[in-house]
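Listed below, chain by chain, are the residues.
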Amino acid sequence: MSSADPVAGAAAGTRRAELAGNLDRVRARIAAACAAAGRPAAEVTLVAVTKTYPAADVVLLTGLGVTDVGENRDQEAAAKAAEATAAGARPRWHFVGRLQRNKCRSVVGYADVVQSVDSVRLAAALDRAAGQVRDAPLDVLVQVSVDGDPHRGGALPGAAAADAGLDAVAAAVAGAPALRLAGLMAVAPQGWEPARAFGRLAEVAAAVRADHPGATALSAGMSADLEAAVAAGATLVRVGSALLGMRATLR
Ligand SMILES: *Cc1c(COP(=O)(O)O)cnc(C)c1O
């Protein structure tokens, strides 16, 4: 796309205006939720989840002041991060999707934060990969399965020192030289009232912080439920469709 092309320029301007309007509305929702909870708005960071949308949208969003971007699939994210970087956009990249151990080497090439570590083995693989390419430790959030369902991803609160037990995963991340345990992440389970899900997450997070005081980040809340997440103490909200529009495929 050349900036001399008036059609592309007009289309980009239209998209920019659309994203700016959506961003204003999402920021107003976050501010209202913070005010209702008696929390300073600066405590909550907006992560724009750009999956299925092009690098051009990342460039527009960073131009509008968005500092953090999230992606959930490595192949898409790697290409998009390279393209956005080449275009001069430098957001913090969060990997928020299911992560396979054989993708760790790729993910550490662009991610600043990995929010979805949910097993001891994955923590070890990510540590090895991060140690090979990074000077500073990689920020990691341990993903929690709020309802304890082992099949949809997430470490299991209360589980003994198994590969996917939350305490074991948190300890593995905290003890990994190339990783920093920054906090926890969760998605509200289907069929759960968001307030109940995020309340449960907040309890689990308080218990993890008793052992790991630096694990202060709490990533919770998406387009539909960010208010409940902010009320429960979220410091990161991951917003996709409310910012970028409905995705063609539900993921
Ligand atoms: C897609 C996705 C989001 C954003 O979801 P929306 O409902 O579009 O806001 C947040 N977190 C994760 C892990 C996602 O995969």
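Please read these numbers as outputs of a predicted model, since none were measured by experiment. Within any chain, residue numbers begin from 1 and follow the written order of that chain's sequence. Totals for whole chains, interfaces and linings use every residue, but because this is a predicted model, local features are given only for residues with pLDDT of at least 70 and side-chain atom pairs only at 80 or more, for both listing and counting. No hydrogens and no water enter the side-chain calculation; it runs on all heavy atoms of the structure.

1. Digging into the overall build of the protein chain
Elements are defined by DSSP. Helices are runs of H or I of four residues or more, strands are runs of E of two residues or more, and each kind is numbered from the N terminus. Secondary structure assignment for the protein chain yields nine helices and eight strands. Its C-alpha atoms give the protein chain a radius of gyration of 18 Å, within 12% of the compact-globule value 18 Å for 251 residues. When a residue's accessible area, from a 1.4 Å probe over protein chains only, is under 20% of the maximum for its type it is buried; when over 50% it is exposed; and in between it is partly exposed. Sorting the 251 residues of the protein chain into buried and exposed places 48% on the buried side. Put simply, of all contacts in the protein chain between residues at least 6 apart along the chain, 62% involve residues at least 24 apart. For the area figures, the Shrake-Rupley method with a 1.4 Å probe applies, and any residue is considered shielded solely by the protein chains shown. Counting only carbon and sulfur atoms, one obtains 54% of the accessible surface of the protein chain, whose full area is about 11500 Å². This count recognises Lys and Arg as positive and Asp and Glu as negative, with His and chain-terminal groups excluded. Taken as the charge location is NZ of Lys, CZ of Arg, CG of Asp or CD of Glu. Positive and negative side-chain charges of the protein chain, numbering 26 and 24 respectively, have mean locations separated by a distance of 2 Å. Throughout, the radius of gyration refers to the C-alpha atoms, and the reference size of a globule is 2.2 Å times the residue count to the power 0.38. A contact between two residues is defined here by any heavy atoms of the two lying within 4.5 Å.

2. What about the site of the ligand?
Throughout, the term near means that a residue has one or more heavy atoms lying within 4 Å of the molecule or strand in question. Residues in contact with the ligand amount to 12 residues; listed here are only the nearest, Lys 51, Ser 223, Gly 240, Ser 241 and Arg 247. N or O atoms closer than or at 3.5 Å make up a polar contact, with two conditions inside protein: a donor-capable atom paired with an acceptor-capable one, and, for residues adjacent in sequence, both atoms drawn from side chains. Side-chain polar atom of Ser 223 to an oxygen atom of the ligand: 2.5 Å apart, as the coordinates give it. Arg 238 is positioned with one of its side-chain polar atoms (N or O) 2.9 Å from a nitrogen atom of the ligand. Considered on its own, the ligand offers 390 Å² of accessible surface; in the complex 88% of this is hidden by protein. Class assignment for the residues of the shell around the ligand results in four nonpolar, four polar and four charged. Lys, Arg, Asp and Glu make up the charged group, whereas Ala, Val, Leu, Ile, Met, Phe, Trp, Tyr, Cys and Pro make up the nonpolar group; the residues left over, Gly among them, are polar.

3. What about the nonpolar core?
If you look at the biggest cluster of nonpolar residues, it comprises 70 residues, and the most contacted ones within it are Val 114, Leu 126, Leu 184, Leu 201 and Val 237. Residues within four places of Leu 126 in sequence aside, it is in contact with Leu 99, Cys 104, Val 108, Val 114, Val 117, Leu 138, Val 140 and Leu 179. Only buried Ala, Val, Leu, Ile, Met, Phe, Trp, Tyr and Cys residues count toward a nonpolar core, and they belong to the same one when joined by side-chain atoms within 4.5 Å. Listed in part, the eight residues of the second largest apolar core include Val 113, Met 185, Ala 217 and Leu 236.

4. A short note on the packing of aromatic side chains
Ring geometry is summarised as follows: Phe, Tyr and Trp rings, the Trp one being its six-membered ring, pair when their centres sit within 6.5 Å, and such pairs are stacked at plane angles under 30 degrees, edge-to-face over 60 and tilted between the two. One pass over the full model with this rule turns up zero aromatic pairs. The ring of Trp 192 is capped by Arg 196, whose NZ or CZ atom sits 3.8 Å from the centre of that ring. Charge over a ring is defined by NZ of Lys or CZ of Arg lying within 6 Å of the ring centre and within 35 degrees of the ring normal.

5. Description of the environment of Pro 157
Considering the arrangement of structural elements, one finds Pro 157 in the loop between strand E5 (138–143) and helix H6 (166–175). Sequence separation between Pro 157 and Ala 205 is 48 residues, and the spatial gap between their C-alpha atoms is 9.9 Å. Among all residues touching Pro 157, those that are not within four sequence positions of it are Val 144, Ser 145, Leu 166, Arg 200 and Val 204.

6. Description of the pattern of salt bridges
For this document, the term salt bridge refers to a Lys or Arg side-chain nitrogen within 4 Å of an Asp or Glu carboxyl oxygen. A full pass over the atoms with the stated rule returns 12 salt bridges. Between Asp 68 and Arg 92 there is a salt bridge, with its nearest N and O atoms 3.3 Å apart. Residue Asp 68 is located in strand E2 (residues 68–71), and its partner Arg 92 is located in strand E3 (residues 92–95); the two are separated by 24 residues in the primary sequence. Residue class for Asp 68 comes out buried when judged on its relative accessible area of 5%.

7. Describing the environment of Leu 46
Relative to the elements of secondary structure, Leu 46 occurs in strand E1 (residues 45–49). Beyond its immediate stretch of four places on either side in the chain, Leu 46 contacts Leu 23, Val 26, Arg 27, Ile 30, Asp 68, Val 237, Val 239 and Leu 243.

8. Side note on the UniProt feature "modified residue: N6-(pyridoxal phosphate)lysine" (unreviewed entry) in the protein chain
Taking the numbering used here, the UniProt-annotated feature "modified residue: N6-(pyridoxal phosphate)lysine" (unreviewed entry) corresponds to Lys 51. You can see Lys 51 is positioned in the loop between E1 and helix H2 (55–63). UniProt positions are given in the numbering used here, feature names are shortened, and annotations may be inferred rather than shown by experiment.

9. Description of unusual backbone geometry
In this model, Thr 52 sits at a positive phi of 75°, which is unusual for a non-glycine residue. By secondary structure assignment, the location of Thr 52 is in the loop between E1 and H2.

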